[in-house]
Amino acid sequence: METKKRTTARNLAFSSLLATSIPQLSLILTGTVLMTAGNVFLRWRIGDALERGDLSLWLLALAGALLLLTQAVCYNRQILSAKVQRNICQRLQSRVLHSRLSGLEKSDMGALTTCYITDVGQIDGFMERILNKAFPDAVGWLATVGLM
């Protein structure tokens, strides 16, 4: 029975993630690619400019634009996380209110809620690791190899 509750909670979580986040996720991934590649490019160009002694104004403008893009991407990540959590909660409530979770007794609702809370935390942690560490590292590596 524990497996059924955990599977139900995970199905709710992943379907909510896919239902609410495709446009938001594509904006975040595009922004992350631009931000990471721009940072790598900016480091290379500023390093070359400092060696030559002629730091251009357009490099400073690019740095400012990348700073704004960084803030916009972080803001969109927070919006994505809130949308996913809200959608999961709404789906769980609608299924409970409409009695679509067949075979659950009152004692099982507590177990389902516990599975939901732990899985939402794990999904948030996974999304943060992918969007904050793994994806930018991969893009940065590809941009560095491309500039070499």
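The structure displayed is predicted, hence computed values, not measured ones.

Enquirer: Could you give an account of the overall build of the protein, naming the residues involved and the relevant values?
Expert: Check the secondary structure of the protein and you find three helices and zero strands. Reading the helices (α) and strands (β) of the protein from amino to carboxyl end gives α-α-α. For the protein, buried positions account for 30% of its 148 residues. At a minimum sequence separation of 6, the contacts of the protein that also span at least 24 residues come to 85%.

Enquirer: Summarise a nonpolar patch on the surface; cite the residues concerned and give the values.
Expert: A grouping of Phe-41, Trp-44, Trp-58, Leu-147 and Met-148 is seen on the molecular surface, where their side chains present a nonpolar patch of about 530 Å² in accessible area. Looking at the secondary structure, you find Trp-44 in helix H1 (residues 2-52).

Enquirer: How would you summarise the pattern of salt bridges if you had to cite specific residues and measurements?
Expert: For side chains bearing opposite charge, pairing can occur when the charged atoms are close. Evaluated as defined, the whole model comprises one salt bridge. Between Asp-54 and Arg-52 there is a salt bridge, and its shortest N-O distance comes to 3.3 Å. A residue is classified by how much of its surface remains accessible, and Asp-54, at 38% relative accessible area, is partly exposed.

Enquirer: Which residues make up the environment of Leu-80, and what values do they have?
Expert: Looking at where Leu-80 falls in the secondary structure, it is placed in helix H2 (residues 57-97). Judged by its relative accessible area of 1%, Leu-80 is buried. Along the primary structure Leu-80 and Ile-28 are separated by 52 residues, whereas in three dimensions their C-alpha atoms are 8.9 Å apart. Not counting the four nearest positions on each side in its chain, Leu-80 is found in contact with Ser-21, Gln-24, Leu-25, Ile-28, Met-127 and Leu-131.

Enquirer: So what about the side chain of Arg-77? Which residues, and what values?
Expert: Mapped onto the elements of the fold, Arg-77 is located in helix H2. Not counting the four nearest positions on each side in its chain, Arg-77 is found in contact with Ile-28, Thr-32, Met-35, Leu-131 and Asn-132.

Enquirer: Pulling in residues and values, what's your account of the nonpolar core?
Expert: Core analysis: the biggest nonpolar cluster contains eight residues, these being Ile-28, Met-35, Val-73, Leu-80, Val-84, Ile-123, Met-127 and Leu-131. Those elements giving two or more residues to this core turn out to be H1, H2 and helix H3 (106-147). Those residues within four positions of Leu-131 in sequence are excluded, and the remaining contacts are Leu-25, Ile-28, Leu-29, Thr-32, Arg-77, Leu-80 and Pro-136.

Conventions we followed
Residues numbered from 1 in each chain as written. Predicted model: local features only at pLDDT ≥ 70, side-chain atom pairs only at ≥ 80, totals over all residues. Heavy atoms only, no water. Helix = DSSP H or I, 4+ residues; strand = E, 2+ residues; numbered from the N terminus. Buried < 20%, exposed > 50% of the residue type's maximum accessible area, 1.4 Å probe, protein only. Contact = heavy atoms within 4.5 Å. Patch = residues over 30% accessible without salt bridge, like charges linked within 9 Å, V, L, I, M, F, W, Y side chains within 5 Å. Areas by Shrake-Rupley, 256 points an atom, 1.4 Å probe, with all protein chains shown as cover. Salt bridge = Lys/Arg side-chain N within 4 Å of Asp/Glu carboxyl O. Core = buried A, V, L, I, M, F, W, Y, C linked by side-chain atoms within 4.5 Å.

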